[in-house]
Amino acid sequence: MNTQTDLAKEGGKAGEPGTPQPADGLKAGLKNRHLSMIAIGGVIGAGLFVGSSGGIAAAGPAILVSYALVGAMVVLVMRMLGEMAAASPDSGSFSSYAERALGRWAGFSIGWLYWFFWVVVLAVEATAGAVILEGWVPAVPQWAWALVVMVVLTATNLASVSSYGEFEFWFAGVKVVAIGAFVVIGLLAAFGLLPGSDNPGAGLAHLTDAGGFFPHGAGAVLTGVLMVVFSFMGSEIVTLAAGESEDPRRAVTKATNSVIWRIGVFYLGSILVVLTLLPWNDPSIVEKGSYVAALDSVGIPHAGQIMNVIVLTAVLSCLNSGLYTASRMAFSLGERGDAPKRFARVSAKGVPVTAIWASVAFGFLAVYFNYAFKDTVFTFLLNSSGAVALFVWLVICFTQLRMRGILMREAPEMVTVRMWLFPYLTWATAGMILFVLVYMLFDAANRQVVLLSVLVAAVVVTVGLVLDRRRRTAARP
């Protein structure tokens, strides 16, 4: 068990003896307000804003059921992760727990897969931000905007962990305020209570007036699940960030307990507003995007530009957190001997500089591939990392099944957050995730993503098993 885990058993408040502190040089630079906003903003990605229109078109109002199913799955996964993280805060989070519960090969494999996922996300988000910025300032080419965005947020992460926290606090704050205002204004307009609204105010009628609640049949709910599941990735970031906070246990507990209302308000609430303001088959939902179309129906001027600002904020937030998350996972892997030891070195300010540079270097390379080899190399990177989110959630399930027994034997008083109906809900969640993966194999649009992700995962797991075996052999007398 590492230093951080040992200290976590001693209890105490931030700044007092026995307080859980970041291991080996990482500094507790994240304040409680940072962690609170990271927890809230972590479930709001750009995918919610730009990807929901496709889901609505595919499932109609039943997309609400799709969001509810995936949201329930995320709530259960976060509850499992929260149980482990509250008892033993660690910068490697689920990767460290998997190593301890399932074996070193498991921690190695899921850690590197997670790192790979986020460095590819860096390229996706940098490009998405560059597209918006080029639209505003076309004199600057798209690749230059992508470079600017990456450089600025790299500098932020290199400065200190508090710089990352401060940027993320304001990025997440914009998203939270924007969606909160959207939900309130939209519901008032939907029920005819908003003065000056252009919307007819049909109440809940649009949920059933265009072919019923299941216009494409109940099976479309599963299609919707495949389309929305990836927009939830990022909920687990708070458990990595908690390792550099003033009070890790309190931060994780608070984030875990609040995940239900966060998903309910930001995902289900905002999609419900779209579906009450417009019929699901209104062409503007696909043409303009669901949120822009909804704002236009209310009569809010410049809705498209307003949404561009919000989407850009979400993109920058995701990029900022992606770089932070990838670098901390690389740091943890280096600390455990599963990556170059240089990754575990930190600056005087407690920042893992080498881990950040290694992560951003691959991110820059992925951005280059996106512009130079978009249909070949970058498409492969994108598809081969696409199902990693589901792999991570599945590993968290199997890890928690073993970790509960370990924690109850070694430090039962530290298990302050508990998975509901253990082990039945844990097994049920693992079954749900496996079902989604198998169902993706029978969906033409997702089959390649699953197959390539499984291929890459198999390679990484094989490397992990070989290295683990070599270490065991070398350790024998």
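Residues numbered from 1 in each chain as written. Predicted model: local features only at pLDDT ≥ 70, side-chain atom pairs only at ≥ 80, totals over all residues. Heavy atoms only, no water.

*Asks:* How would you explain the overall build of the protein chain if you had to name every residue and give the values?
*Replies:* Per the secondary structure count, the protein chain includes 19 helices and 0 strands. Against the 2.2 N^0.38 benchmark of 23 Å for 477 residues, the protein chain shows a C-alpha radius of gyration of 22 Å, consistent with a compact globule. Every one of the 477 residues in the protein chain was classed for burial, and the buried ones make up 57%. Look at the contacts in the protein chain between residues 6 or more apart in sequence, and 79% of them connect residues 24 or more apart. A total accessible area of about 18,300 Å² is found for the protein chain, and carbon and sulfur atoms account for 68% of it. Here the protein chain contributes 31 positive and 27 negative side-chain charges, whose respective centroids are spaced 10 Å apart. (Helix = DSSP H or I, 4+ residues; strand = E, 2+ residues; numbered from the N terminus. Rg over C-alpha atoms; globule rule 2.2 N^0.38 Å. Buried < 20%, exposed > 50% of the residue type's maximum accessible area, 1.4 Å probe, protein only. Contact = heavy atoms within 4.5 Å. Areas by Shrake-Rupley, 256 points an atom, 1.4 Å probe, with all protein chains shown as cover. Lys, Arg positive; Asp, Glu negative; His and termini not counted. Charge placed at Lys NZ, Arg CZ, Asp CG, Glu CD.)

*Asks:* Describe in detail the confidence of the model for the protein chain, supporting the description with residues and values.
*Replies:* In this model, the protein chain carries a mean pLDDT of 86, and residues with pLDDT of at least 70 account for 94%. Across the protein chain, the secondary-structure element scoring lowest on mean pLDDT is helix H1 (residues 3-8), at 38, and the one scoring highest is helix H18 (residues 424-441), at 94. A low-confidence stretch, residues 1-23 stays under pLDDT 50, and its non-local contacts, those more than four residues away or across chains, total 55 contacts. (pLDDT = per-residue confidence, 0-100.)

*Asks:* With reference to specific residues and values, describe helix H19 (residues 444-475).
*Replies:* The periodicity of an α-helix, 3.6 residues per turn, causes residues three or four positions apart to be oriented the same way. In this model, H19 (32 residues) spans 47 Å end to end at C-alpha, consistent with the 46 Å of a helix rising 1.5 Å per residue. For H19, the secondary structure elements touched by its buried residues are helix H6 (104-136), helix H9 (220-228), helix H16 (374-384), helix H17 (388-410) and H18. (Expected span 1.5 Å × (residues − 1).)

*Asks:* Before we move on, could you go through the pattern of salt bridges and cite the residues and values that matter?
*Replies:* Applying the stated rule across the entire model yields 9 salt bridges. Among the ionic pairs, arginine 404 bridges to glutamate 83, the shortest N-O distance being 2.8 Å. Taken together, the residues arginine 404 in helix H17 and glutamate 83 in helix H4 (residues 63-87) connect sequence positions 321 residues apart. Both residues of the pair, arginine 404 and glutamate 83, belong to the buried class. Among the ionic pairs, aspartate 468 bridges to arginine 472, the shortest N-O distance being 3.7 Å. Taken together, the residues aspartate 468 and arginine 472, both in helix H19 and 4 residues apart, mark about one turn of the helix. Judged by relative accessible area, which is 53%, arginine 472 ranks as exposed. Salt bridges here are not isolated pairs; linked through shared partners, they connect Arg104, Asp338 and Arg471. (Salt bridge = Lys/Arg side-chain N within 4 Å of Asp/Glu carboxyl O.)

*Asks:* An account of the packing of aromatic side chains is needed here, citing residue identities and associated values.
*Replies:* Each aromatic ring pair is summarised here by two numbers: the centre-to-centre distance and the angle between the ring planes. In the structure shown here, the tally under the stated rule is 20 aromatic pairs. Measuring from ring centre to ring centre gives 4.1 Å for tyrosine 164 and tyrosine 324, while their planes differ by 0°; the resulting arrangement is stacked. Residue tyrosine 164 is found in helix H8 (residues 161-190), and its partner tyrosine 324 is found in helix H14 (residues 303-335); the two are separated by 160 residues along the sequence. Judged by relative accessible area, which is 0%, tyrosine 324 ranks as buried. Above the plane of the ring of phenylalanine 169 lies arginine 33, whose end atom (NZ or CZ) is 4.7 Å from the centre. (Phe/Tyr/Trp six-rings, centres within 6.5 Å; stacked < 30°, edge-to-face > 60°. Lys NZ or Arg CZ within 6 Å of the ring centre and 35° of its normal.)

*Asks:* How would you summarise the packing of H17 against H18 if you had to cite specific residues and measurements?
*Replies:* Following both chains from N to C, one finds H17 and H18 inclined at 155°, their axes separated by 9 Å at the closest point. With respect to H18, the axis of H17 lies roughly antiparallel. The two elements H17 and H18 meet at a crossing, and its hand is left-handed. Residues Leu390, Phe391, Trp393, Leu394, Cys397, Phe398, Gln400 and Leu401 of H17 form the contact with H18, whose participating residues are Thr426, Trp427, Thr429, Ala430, Ile433, Leu434, Val436, Leu437 and Met440. Taken together, the residues that form the contact of H17 with H18 break down as 14 nonpolar, 3 polar and no charged. (Axes fitted to C-alpha atoms, helices over the stretch in contact; angles between N-to-C directions. Parallel < 35°, antiparallel > 145°, perpendicular 65-115°, else oblique. Left-handed = near helix turned anticlockwise from the far one by under 90°. Nonpolar A, V, L, I, M, F, W, Y, C, P; charged D, E, K, R; others polar.)

*Asks:* Tell me what's going on with the packing of helix H5 (residues 93-102) against H17, and back it up with residues and numbers.
*Replies:* Viewed as axis vectors pointing N to C, H5 and H17 meet at an angle of 60°, and their least axial separation amounts to 8 Å. Classified by the angle their axes make, H5 and H17 are oblique. In terms of crossing hand, the pair formed by H5 and H17 is left-handed. Along the contact surface, H5 presents Phe94, Tyr97, Ala98, Arg100, Ala101 and Leu102, while H17 presents Val392, Val395, Ile396, Phe398, Thr399, Arg402, Met403, Ile406, Leu407 and Glu410. Looking at the contact of H5 with H17 residue by residue, the classes come out as 12 nonpolar, 1 polar and 3 charged.

*Asks:* Give a detailed account of a nonpolar patch on the surface, specifying residues and quantitative values.
*Replies:* Taken together, the side chains of Val184, Leu187, Leu188, Phe191, Leu193 and Leu204 present a nonpolar region at the surface, about 530 Å² in accessible area. Mapped onto the fold, phenylalanine 191 is located in the loop between H8 and H9. (Patch = residues over 30% accessible without salt bridge, like charges linked within 9 Å, V, L, I, M, F, W, Y side chains within 5 Å.)

*Asks:* Hey, could you go over the layout of surface pockets for me, with residue numbers and the actual values?
*Replies:* Taken as a whole, the largest pocket holds about 1,000 Å³ of empty space. Forming the walls of the largest pocket are 42 residues, and the residues nearest its centre are Gly47, Val124, Glu125, Phe230 and Ser231. Those elements that provide at least two residues to the lining of the largest pocket are helix H2 (32-41), helix H3 (46-59), H6, H8, H9, H14, H16 and H19. Counting residues per element, the lining of the largest pocket draws most heavily on H6, which supplies 8 residues. The residue makeup of the lining of the largest pocket, split by class, is 25 nonpolar, 14 polar and 3 charged. In this structure, the second largest pocket occupies an estimated 270 Å³ of space. If you go around the second largest pocket, you meet 14 residues; those closest to its centre are Ile110, Leu113, Phe391, Val395 and Val461. Elements supplying a minimum of two residues to the lining of the second largest pocket: H6, H17 and H19. In terms of residue count, the dominant contributor to the lining of the second largest pocket is H6 (5 residues). (1 Å grid on protein atoms, 1.4 Å probe; cavity = no way out; pocket = protein on both sides within 12 Å on 5 of 7 lines; lining within 4 Å. Points joined across faces, edges and corners; volume = space filled by probe spheres on them.)

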